[in-house]
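# Analysis of the macromolecular model
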Amino acid sequence: MNFSLPIDKIIKYRGIQISPSKIENLLRSHIDVVKVSVVGVPHIPEDEYSTAFVTKIPCSKLSERDSKIKMPHTASGKISRKDLKAIAENY
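Residues numbered from 1 in each chain as written. Predicted model: local features only at pLDDT ≥ 70, side-chain atom pairs only at ≥ 80, totals over all residues. Heavy atoms only, no water.

Taking an unreviewed UniProt entry as the reference, the protein is identified by name as 4-coumarate--CoA ligase 1-like isoform X2 belonging to Vespula maculifrons.

Okay, structure coming up:
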């Protein structure tokens, strides 16, 4: 069987296709991480940089760049990658 992600969820960096879920699984394995979502942010000329949004447990020693950003969710309760991508592009 072959499974493939929708093309808009694949991050392309220097000709390599990266699955955001692989990065998310790695970050999620950290004991202080509660939620994580990774999106690709366009970078000139044709690449994308992966950007991770992480929710950590309270009192965690993990550093944070900006604690004001809250993880947006869809009406069904899923993390909104579309909204995260917009936040990352405008950050």
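### Looking at unusual backbone geometry
What counts here: Each helix corresponds to a stretch of at least 4 residues labelled H or I by DSSP, and each strand to a stretch of at least 2 residues labelled E; elements are numbered beginning at the N terminus. Burial classes follow relative accessibility: with a 1.4 Å probe on protein chains only, a residue under 20% of its type's maximum area counts as buried, one over 50% as exposed, and anything between as partly exposed.
Despite not being glycine, R14 has its phi angle at roughly 50 degrees, a positive value. Relative to the assigned elements, R14 resides in the loop between β1 (11-13) and β2 (16-18). For R14, a relative accessible area of 63% corresponds to the exposed category. A positive phi angle, near 65 degrees, is found at C59, a position not held by glycine. Turning to its location among the elements, C59 is positioned in the loop between β4 (47-56) and α2 (81-90). Using a relative accessible area of 81% as the deciding quantity, one classes C59 as exposed.

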